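Read off the chains here:
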Amino acid sequence: MGLERKLEVPVSDLSLIRGMWEVRVKKYRQKQKKEQERKEQSALPRIEQQWQYRIYCKNLKGHERNLLQRYLERWTPTDTPPGTGTEEVQQEVQQDPDENQLIFQLDGDGWTEFPRELQWRTYMEAWHIRGTKIRQLPDFLSLFTQLTVLEIPKNNITELPPEIGKLSALRQLNASYNRLSRVPPELGDCENLERLELTGNNLSELPFELSSLRQMDHLDIAENRFTSIPVCALRMTCLQLLDLSNNVLTDLPQDMDRLEQLVTLLIHKNHLSYLPQCLASISTLKMVVVSGDELKCIPTRVCSNPDIKFIRLYDNPTTEQKRKNQVEEEKKKKKKKEVERRRWREPREAEEVKDGREKEFIEAYVSSLKDRATVPYSTTKVSISCLL
């Protein structure tokens with residue numbers, strides 16, 4: 001027999017090769033991540049923004065170019081010679097001397113959209129847009145990462161864009177008296193938000209994502225179409241003022257005592273027939289304002305607590321009811337003038353003393369609504385159920 005030939009077959013462990021490639025990929029990704037962090041921390045984006053701003057300025061003429069360059073250096077001119085045509089721009093950008101805050105202001109029904117040059121003023125810290133015909137916020141809103149105050153009441157805004165969630169420094173948002181029918185869930189990413197006002201819109205619910213707003217202490221959702229308190233509101237543990245007046249509430253949840261820091265509760269002009277017993281467990285509660293027309297059951301510990309200003313409001317009667325009441329009163333006066341005078345003499349003297357106390361409570365109530373554009377109906381009767 002001939003010599004047997006041995007075949008040599010190369011054998012290798014593929015796991016070693018795979019491990020080598022995984023290490024290389026990991027190092028490459030780490031290198032990319034470090035490069036991205038270096039770019040974000042560097043001054044290149046700001047320098048590029050300034051150069052883009054200067055290029056934009058070169059396309060302008062005369063006083064507009066000089067004025068925008070001064071804004072780029074964060075300097076607002078105080079003295080401008082008359083007749084230069086910059087009065088409109090001065091109304092838009094101001095600097096608050098008390099808070100040292102750069103403010104952008106825009107008002108008047110002549111505005112239907114935001115000026116495009118606003119996108120270069122990303123250093124602004126507050127917007128005050130009021131009484132315009134603007135229907136939507138600009139697409140460059142997410143660039144204003146230093147924005148802390150966004151005041152946009154009494155406009156025609158139909159929706160809040162999802163980009164609003166990128167305003168991480170936002171603390172106050174006032175979108176009252178617009179045409180909002182929903183609130184984006186991304187608003188829950190604004191974890192520093194402390195004050196939210198959505199009065200006078202078409203809202204019937206709030207997204208559950210707003211539960212993450214742990215620093216919220218002022219929530220005003222009056223004059224909407226809420227049938228119950230939003231679940232997210234009950235999870236805002238730092239909430240101190242909750243305004244749900246002028247909605248269509250029929251009852252309150254039995255776990256409202258989760259709002260352990262609640263101070264003021266405004267729920268008048270709804271359809272409530274009772275108040276839950278859990279309100280008596282909120283030790284911080286100082287004021288409760290309700291409508292007394294349909295209210296039948298009230299916790300004794302709430303209405304008799306000397307530390308709580310419990311105010312029950314009654315709406316004015318209609319004109320037809322007023323006429324009927326006047327006719328009846330005239331008939332009664334003709335029949336029993338002497339009896340009526342004797343009957344009402346002592347109560348009226350007592351009411352004069354009571355009116356001074358009621359005035360104090362109403363003033364405290366109005367002061368809690370000082371940021372509201374409108375106030376509730378005037379009332380014909382106010383019953384006080386607390387001790388002074």
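On a predicted model such as this, the values are computed, not experimentally measured, just so you know. (Residues numbered from 1 in each chain as written. Predicted model: local features only at pLDDT ≥ 70, side-chain atom pairs only at ≥ 80, totals over all residues. Heavy atoms only, no water.)

Participant: Describe the overall build of the protein, and please don't skip the residues or the numbers.
Facilitator: When you go through the protein residue by residue, the secondary structure sums to eight helices and twelve strands. Burial statistics for the protein: of 388 residues in total, 38% are counted as buried. At a minimum sequence separation of 6, the contacts of the protein that also span at least 24 residues come to 32%. Approximately 24,800 Å² of the protein is accessible, and the part contributed by carbon and sulfur atoms is 48%. (Helix = DSSP H or I, 4+ residues; strand = E, 2+ residues; numbered from the N terminus. Buried < 20%, exposed > 50% of the residue type's maximum accessible area, 1.4 Å probe, protein only. Contact = heavy atoms within 4.5 Å. Areas by Shrake-Rupley, 256 points an atom, 1.4 Å probe, with all protein chains shown as cover.)

Participant: Could you give me a rundown of the packing of aromatic side chains, with the residues and numbers involved?
Facilitator: Centre distance and the angle of the planes are the two values used to describe a pair of aromatic rings. Applying the stated rule across the entire model yields four aromatic pairs. Residues Phe-114 and Trp-127 carry aromatic rings whose centres are separated by 5.5 Å and whose planes lie at 35 degrees to one another, so their mutual orientation is tilted. With a gap of 13 residues between them, Phe-114 in the loop between strand S2 (101-107) and strand S3 (126-130) and Trp-127 in strand S3 connect regions that are remote in the sequence. Note on accessibility: Phe-114 and Trp-127 belong to one class, buried. Relative to Phe-144, the ring of Phe-140 lies with its centre 6.3 Å away and its plane at 40 degrees, an arrangement referred to as tilted. For the pair shown, Phe-140 and Phe-144 are each scored as buried. (Phe/Tyr/Trp six-rings, centres within 6.5 Å; stacked < 30°, edge-to-face > 60°.)

Participant: Residue-level account of a positive patch on the surface, with values.
Facilitator: On the surface, Lys-331, Lys-332, Lys-335 and Lys-336 cluster together into a patch of positive charge. Here Lys-335 lies in helix H7 (residues 319-335). For Lys-335, a relative accessible area of 73% puts it in the exposed group. (Patch = residues over 30% accessible without salt bridge, like charges linked within 9 Å, V, L, I, M, F, W, Y side chains within 5 Å. Salt bridge = Lys/Arg side-chain N within 4 Å of Asp/Glu carboxyl O. Lys, Arg positive; Asp, Glu negative; His and termini not counted. Charge placed at Lys NZ, Arg CZ, Asp CG, Glu CD.)

Participant: Now, about unusual backbone geometry: what can you tell me, with residues and values included?
Facilitator: Even without being a glycine, Tyr-177 presents a positive backbone phi close to 55 degrees. Within the fold, Tyr-177 resides in the loop between strand S5 (172-174) and strand S6 (195-197). Overall, Tyr-177 belongs to the buried group, its relative accessible area being 18%.

Participant: Give me the lowdown on the pattern of salt bridges, citing residues and values where you can.
Facilitator: Across all of its chains, the model carries four salt bridges by this definition. For Glu-197, the salt bridge is made with Arg-195, and the minimal N-O distance between the two is 2.6 Å. In this structure, Glu-197 and Arg-195 share a single accessibility class: buried.

Participant: Quick rundown of the nonpolar core? Include the residues and the values.
Facilitator: Where a protein is soluble and globular, its nonpolar side chains tend to be buried together. The biggest cluster of nonpolar side chains holds 69 residues, and the ones touching the most others in it are Trp-127 and Leu-275. The set of elements that each furnish at least two residues to this core consists of S2, S3, helix H5 (231-234) and strand S10 (287-291). With near-sequence residues (within four places) excluded, Trp-127 lies in contact with Phe-104, Phe-114, Leu-118, Pro-138, Leu-141, Phe-144, Leu-147, Val-149, Leu-150 and Glu-151. Core analysis: the second largest hydrophobic core is formed by five residues, Leu-266, Met-287, Ile-311 and Leu-313 among them. (Core = buried A, V, L, I, M, F, W, Y, C linked by side-chain atoms within 4.5 Å.)

Participant: Could you give me a rundown of the confidence of the model for the protein, with the residues and numbers involved?
Facilitator: Across the protein, the average pLDDT comes to 77, with 66% of residues at 70 or higher. In this model residues 72-91 is a low-confidence stretch, pLDDT under 50, and it forms 26 contacts with partners more than four residues away in sequence or in other chains. (pLDDT = per-residue confidence, 0-100.)

Participant: Can you tell me about the pairing of S10, naming the residues and giving the values?
Facilitator: Counting buried positions along S10 gives five out of five residues, so the element sits mostly inside the fold. Strand direction decides the pairing type here: strand S9 (residues 264-266) and S10, joined by three bridges, are parallel. Its bridge partner lying in S10, Leu-265 is registered against Val-288. (Pairing = 2+ DSSP bridges.)

Participant: How would you explain the side chain of Asn-155 if you had to name every residue and give the values?
Facilitator: When you line up the elements, Asn-155 lands in the loop between strand S4 (149-151) and S5. Classification of Asn-155 by relative accessible area gives buried; the value is 4%. From its side chain, Asn-155 meets the backbone oxygen of Ile-152 in a polar contact 3.0 Å long. Reaching out from Asn-155, the side chain makes a polar contact with the backbone oxygen of Pro-153 at a distance of 3.0 Å. (Polar contact = N/O pair within 3.5 Å; in protein donor to acceptor, adjacent residues only side chain to side chain.)

Participant: Please set out the environment of Arg-116 residue by residue, giving values where relevant.
Facilitator: Position of Arg-116 relative to the elements: it lies in the loop between S2 and S3. Exposure remark for Arg-116: the relative accessible area of 45% places this residue in the partly exposed category. Beyond its immediate chain neighbours, meaning those up to four positions away, Arg-116 contacts Asp-139 and Phe-140.

Participant: Break down a nonpolar patch on the surface for me, citing the residues and quoting the values.
Facilitator: On the surface, a nonpolar cluster with roughly 360 Å² of combined accessible area is contributed by Leu-14, Ile-17 and Trp-21. Counting through the fold element by element, Ile-17 comes out in helix H1 (residues 14-41). On the basis of relative accessibility, which here comes to 42%, the residue Ile-17 falls in the partly exposed class.

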